[in-house]
Amino acid sequence: MLLSVLPTTLLLATTALAQLEPLHTSSRWIVDSAEKRFKFRCINWAGHMEASIPEGLQHNSVENIAKIVAESGFNCVRLTFSIDMALDQGLKVRDSFATLAGRTGANETDVDDLWTRVKRNNLWIEDASVSEAFGKVIDTLGTLNIRVILDNHVSHASWCCNLDDGNGWWDQGSLYVESNSRFFNTDNWNRGLAAIATFAKDHPAVAGIGLRNEIREVPVVQNRSDWYKFIAQGATSVHTANPDLLIVMGGTLSSTDASFLRNSPLDRSAYGNKVVWEWHAYTFSPPWIASFKSCTVWKTTVGGSTGFLLSEGKDYTGPLWLSEFGVGMTGGPPERFGIGSQEDYDYLKCLVEYVTGNDGDWALWAIQGNYYVRNGEVDLEESWGLLNTDWTAWRNPAIKDVLGKMFDQTQGP
């Protein structure tokens, strides 16, 4: 009887969320309960920085941004979070913004105006906690049949990534530099992963959790035994708290090298059919640099470092998700579809050829046209952002023509 008096829109939203069943893997594919492939065609959305909520709410409502995501052809969002947020989910958003200037060095008056704009566009947020803000974003996406992968981007809420930001490698690892790992407390990381996995139980649009973005290292050569040890710990933390979730894990060298799995596969038996591999590719990534900007060489290099994971029937076989790639989206001529540099354009063309050839899963970096605060500046523009600085439309619609057939699904189980 109670349901009969609920608004029609709320009934539809509740029904849509209820239909979002868990996903799992089958060989190299991500599939639904009917064993039908669910190809990840995703956009990244940053939520890991100091404000501890997803970016952009100062410019548009959650509902409008989610609608843009859906209308753009994406079926999932890689939504990033920090361990700071995961372990302090009850923090009020207003309190996070109240201390934002002091924590980032931004102008306090500008931050006050920022918070006013966030509230004006999203009336529900004034008394919300940071986890409720994440939940609102996730559930809104879910009503549009968009799945979410929550990615642990950093431990300490901040911009990512460089070798001295304190968020890299494992604090108990045998090879690390203190400046690189000072925020990566492994116990907190495991507790944070478990807390987010538990949070996801109430938000069925969440299909999985990424254990750690771009595992980074100083020195370059890591102790691989640490990778196996701590990746297993993180996977166990997620799976024990919520066995319905996919578990996304990347290799070393900032998620560009998983070659060690060829001869020493990870024992995934404890997690059932839930493990998804991830890789990243940029012009500054080691494979592109090593290829001397040759597409042919790059494809061979990538095949040896990560692409081999798609090979059928191997102990390491699994879905391989390109969870980050991207370029500067403006400043170039029409013949480069407006892409800012020739190298970026050449790289992106090559990458699209490779991914479409394998019909791979992917996630573009990133949706945000700007940030609440980055480098001490309020509303700092993101030239790699899909949306304009008003968060109302694509800043460069021609980018979709470059991505082209990546949106198509041509293979499956």
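Looking at an unreviewed UniProt entry, one finds the protein named Glycoside hydrolase family 5 protein, with Pleomassaria siparia CBS 279.74 as its source organism. Checking UniProt for the protein, the heading Sequence similarities (unreviewed entry) contains the comment "Belongs to the glycosyl hydrolase 5 (cellulase A) family."

For helix H13 (residues 295–305), give the residues involved together with the corresponding values.
Within H13, burial applies to Trp298, Val302 and Ser305. Along the long axis of H13, the arc covered by the buried residues comes to 70°, so they all point the same way. Away from its buried face, by an angle of more than 90 degrees, H13 presents the exposed residues Thr296 and Thr300. At its buried positions, H13 is contacted by strand E8 (275–281), helix H12 (286–290) and helix H14 (342–358).

So what about the state of the cysteines? Which residues, and what values?
This model, assessed by the stated rule, comprises 3 disulfides. A disulfide bridge connects Cys160 with Cys161, and the sulfur atoms are separated by 1.5 Å. Taking the torsion about the sulfur-sulfur bond, which here is approximately 55°, the covalent link between Cys160 and Cys161 counts as right-handed. What pairs with Cys295 in a disulfide is Cys350, and their sulfur atoms sit 2.1 Å apart. Every disulfide takes its handedness from the sign of the S-S torsion; for Cys295 and Cys350 that torsion is 90°, giving right-handed. Of this pair, Cys295 sits in helix H13 while Cys350 sits in helix H14; the two residues are 55 residues apart in sequence, bridging distant segments of the chain. On the basis of relative accessibility, which here comes to 24%, the residue Cys295 falls in the partly exposed class. Taking only the cysteines that form disulfides and numbering them from first to last, the protein has the pattern 1-2, 3-4, 5-6.

Tell me what's going on with the pairing of strand E9 (residues 320–325), and back it up with residues and numbers.
Across the 6 residues of E9, 6 count as buried, placing the element largely inside the fold. Bridge count between E9 and strand E10 (residues 361–364): 2 bridges; the pairing is parallel. Directly across from Trp321, in E10, lies its bridge partner Asp361. Crossover handedness for the path E9 to H14 to E10: right-handed.

Rules behind the numbers
Residues numbered from 1 in each chain as written. Predicted model: local features only at pLDDT ≥ 70, side-chain atom pairs only at ≥ 80, totals over all residues. Heavy atoms only, no water. UniProt positions renumbered as here; feature names shortened; annotations may be inferred. Buried < 20%, exposed > 50% of the residue type's maximum accessible area, 1.4 Å probe, protein only. Helix = DSSP H or I, 4+ residues; strand = E, 2+ residues; numbered from the N terminus. Arc of directions from axis to C-beta. Contact = heavy atoms within 4.5 Å. Disulfide = S-S within 2.5 Å. Pairing = 2+ DSSP bridges. Right-handed = clockwise from strand over helix to strand, strands pointing away.

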